Amino acid sequence: MKLSCSLPPSVNLANQARLAESLGYERVWVGDSPALYSDPWVALSQVAANTSTIGLGVAVLVPSTRHVMVNAAAICGIEAQAPGRLAVAIGTGFTARRLFGKGPLSWASTADYIRQLKALLNGETITLDGAKTRLMHPAGMSAQLPLKTPIIVAANGPKGIDVATELGDGVMSVQAPIDGFGWSALLQPGTVLDDGEALDSPRVFEALGPAIATFYHGAYEAMGEGVDGFPNGAAWRAMIEQFPADEQHLYLHQEHCVGVNDHDRPHLDVANMAPLTFTGTAAELKQKAADLEAAGVTEILYMPLGPDVERELTAMARALA
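Residues numbered from 1 in each chain as written. Predicted model: local features only at pLDDT ≥ 70, side-chain atom pairs only at ≥ 80, totals over all residues. Heavy atoms only, no water.

## A word on the pairing of strand S7 (residues 151-154)
Rule in force here: Note on classification: 1.4 Å probe, protein chains only; a residue is buried when its accessible area is under 20% of the maximum for its type, exposed when over 50%, partly exposed between these limits. A run of H or I in DSSP becomes a helix once it reaches four residues, and a run of E becomes a strand once it reaches two; helices and strands are each numbered from the N terminus. Pairing between strands is defined by DSSP: at least two bridges between them are needed. Handedness rule for crossovers: strands pointing away from the viewer, path from the first strand over the helix to the second running clockwise, crossover right-handed.
A two-sided burial pattern is seen for S7, the buried positions comprising Ile151 and Val153 on one face and Ile152 and Ala154 on the other. Two elements, strand S4 (residues 86-90) and S7, share three bridges in a ladder whose sense is parallel. Pairing of alanine 89 across the sheet is with isoleucine 152, part of S7. Sheet topology places S7 next to strand S8 (residues 170-173); three bridges connect them, and they run parallel. The residue bridging alanine 154 from the neighbouring strand is methionine 172, located in S8. Between S7 and its parallel partner S8, the chain crosses via helix H6 (residues 158-167), and the hand of that crossover is right-handed.

See the structure below:
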């Protein structure tokens, strides 16, 4: 079982990546959501320049936010800077599209994008918008083609799993383990409890609150009134529906996976929702990791959250060592 970490692009990313490398993390995955974070490729270049061995990744690229040639060129650039250390995950979009007021892409269009990207990295000529094109970087501009950069498909349902089976080098899930793949990564927010620490402690609230908030956000967008089944869900929904309908999505995802915004904070029951996260004592987390491995997971993609990411990275690496 490999342990990687997922971090948003930030001014502290290079230091956090150095720490992750020193702690033995397999890979640093950097989030891609343009309305929330800065550019992931710039961030990964900084990570590459400040580390030497840790793997690099973007999770999750969304086809509609960048032209396929732009992502292909970026991959070539990182591969030249840090040969063999890069992997990318591609999906249909969550905040990367929700914050544009759009829903996820179809799996058919996402599959087409992956095919185009793989062909470009293989040095092939493709047809885009009725015209032929290919990567034509002169020698010395970037990594030489062909490139076999691993492409992981971010999937949770049967259509996405079918695309991962056909086109992916692995699969990445944010809900439940997916078996049957040689590379099966599972995104896991959570925290390691200190000795005697309760789930309703202020530290645990800050460390888990950003993840718990995303559960409400995702449930509301997927099920509407279904979020009422969460603790304080009806009150939370009444709060978010007070915002103008055409701007609601902007308030919904404020501080996504970084902190807890002021309008979410009064409604989150972190202690009761904590079992949905990768949270527990060191011994409990070792058992959870073993259970995930038995269910087919090959990589825990740990997402440290809250105000002390360095503490979270360190505690989780030591717990699972």
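Once the structure has been displayed, the description carries forward.
## A short note on the layout of surface pockets
Operational definition: Throughout, the protein atoms alone are placed on a 1 Å grid, and a set of points is a cavity if a 1.4 Å probe fits but cannot get out or a pocket if it is open with protein on both sides within 12 Å along at least five of seven lines; lining residues have an atom within 4 Å of a point. Grid points are joined across faces, edges and corners, and a volume is the space filled by probe spheres set on the points. Residues were grouped as follows: Ala, Val, Leu, Ile, Met, Phe, Trp, Tyr, Cys and Pro as nonpolar; Asp, Glu, Lys and Arg as charged; and all remaining residues, including Gly, as polar.
Within this model, the largest pocket holds a volume of roughly 1,400 Å³. Along its surface, the largest pocket is lined by 49 residues, and Phe94, Asn156, Val174, Gln175 and Leu187 are the ones closest to its centre. Among the elements of the structure, strand S1 (2-7), strand S3 (55-61), helix H4 (95-98), H6, S8, strand S9 (184-189), helix H7 (202-223) and strand S10 (299-303) are those that each provide at least two residues to the lining of the largest pocket. If one sorts the elements of the lining of the largest pocket by residue count, H7 sits on top with eight residues. The computed volume of the second largest pocket comes to approximately 210 Å³. For the lining of the second largest pocket, the residue count by class is 11 nonpolar, four polar and one charged.

## Considering the environment of threonine 133
The test is simple: It only takes one pair of heavy atoms within 4.5 Å for two residues to be counted as in contact.
Checked against the element boundaries, threonine 133 lands in strand S6 (residues 131-133). Threonine 133 gets classed as partly exposed once you look at its relative accessible area, which sits at 24%. Residues in contact with threonine 133, not counting those within four places in the same chain, are Met69, Leu120, Glu124, Thr125, Ile126 and Leu128.

## A few points about the pattern of salt bridges
Pairing between side chains becomes possible if they bear opposite charge and their charged atoms approach one another. We count it as follows: Any carboxyl oxygen of Asp or Glu within 4 Å of a side-chain nitrogen of Lys or Arg constitutes a salt bridge here.
Taken as a whole and assessed by the stated rule, the structure comprises 13 salt bridges. Here glutamate 312 ties to arginine 203 by a salt bridge, and the two come within 2.9 Å at their closest N and O atoms. Here the residue glutamate 312 occupies a position in helix H12 (residues 309-319), and arginine 203 occupies one in helix H7, the gap between them amounting to 109 residues. A relative accessible area of 24% places arginine 203 in the partly exposed class. The closest approach of N and O atoms between arginine 237 and glutamate 241, which form a salt bridge, is 3.4 Å. Shared partners join several salt bridges into a network, and the residues in it are Asp194, Glu197, Arg203, Arg311 and Glu312.

## Examining the sheet that holds S9
Short version of the rule: Each axis is a line fitted through C-alpha atoms, and for a helix only the stretch in contact is used; angles between axes span 0 to 180 degrees, taken between their N-to-C directions.
An order of S1-S2-S3-S4-S7-S8-S9-S10 is seen for the eight strands of this closed barrel, with the pairing classed as parallel. Put simply, the sheet's adjacent strands are angled 25° from each other on average, direction ignored. Strand direction decides the pairing type here: strand S2 (residues 27-30) and S3, joined by four bridges, are parallel. In the sheet register, valine 28 faces S3, and the bridge partner there is leucine 56.

## Thoughts on the packing of helix H5 (residues 107-121) against H6
Defined as follows: Roughly parallel refers to an angle under 35 degrees, roughly antiparallel to one over 145, roughly perpendicular to one between 65 and 115, and oblique to any angle outside these ranges. Throughout, a crossing is termed right-handed when the near helix is turned clockwise from the far one, and left-handed when it is turned anticlockwise from it by less than a right angle.
Here H5 crosses H6 at 20°, and the two axes come no closer than 10 Å. On the basis of their axis angle, the class for H5 and H6 is roughly parallel. Relative to H6, the crossing made by H5 is right-handed. Contacts between H5 and H6 involve Trp107, Ala111, Ile114, Arg115 and Lys118 on the former and, on the latter, Lys159, Gly160, Val163, Glu166 and Leu167.

## A few points about the packing of aromatic side chains
Test applied: Side-chain rings of Phe, Tyr and Trp (the six-membered ring for Trp) are treated as a pair once their centres are within 6.5 Å; stacked means planes under 30 degrees apart, edge-to-face means over 60, and tilted covers the remaining angles. We call a charge positioned above a ring when the Lys NZ or Arg CZ atom is no farther than 6 Å from the ring centre and deviates by at most 35 degrees from the ring normal.
One pass over the full model with this rule turns up four aromatic pairs. Measuring from ring centre to ring centre gives 5.1 Å for tyrosine 216 and phenylalanine 230, while their planes differ by 90°; the resulting arrangement is edge-to-face. Linking tyrosine 216 in helix H7 with phenylalanine 230 in the loop between H7 and helix H8 (233-240), this pair joins segments that are 14 residues apart in sequence. Residue class for tyrosine 216 comes out buried when judged on its relative accessible area of 0%. On the basis of relative accessibility, which here comes to 22%, the residue phenylalanine 230 falls in the partly exposed class. With a centroid separation of 3.9 Å and an interplanar angle of 10°, the aromatic rings of phenylalanine 243 and tyrosine 251 are classed as stacked. A relative accessible area of 27% means that tyrosine 251 is categorised as partly exposed. Within the aromatic cluster, the residues linked to one another by ring pairs are Tyr216, Tyr220, Phe230 and Trp236. Positioned above the aromatic ring of tryptophan 29, the side-chain terminus of arginine 27 is 5.7 Å from the ring centre.

In short, geometric facts, not functional conclusions.
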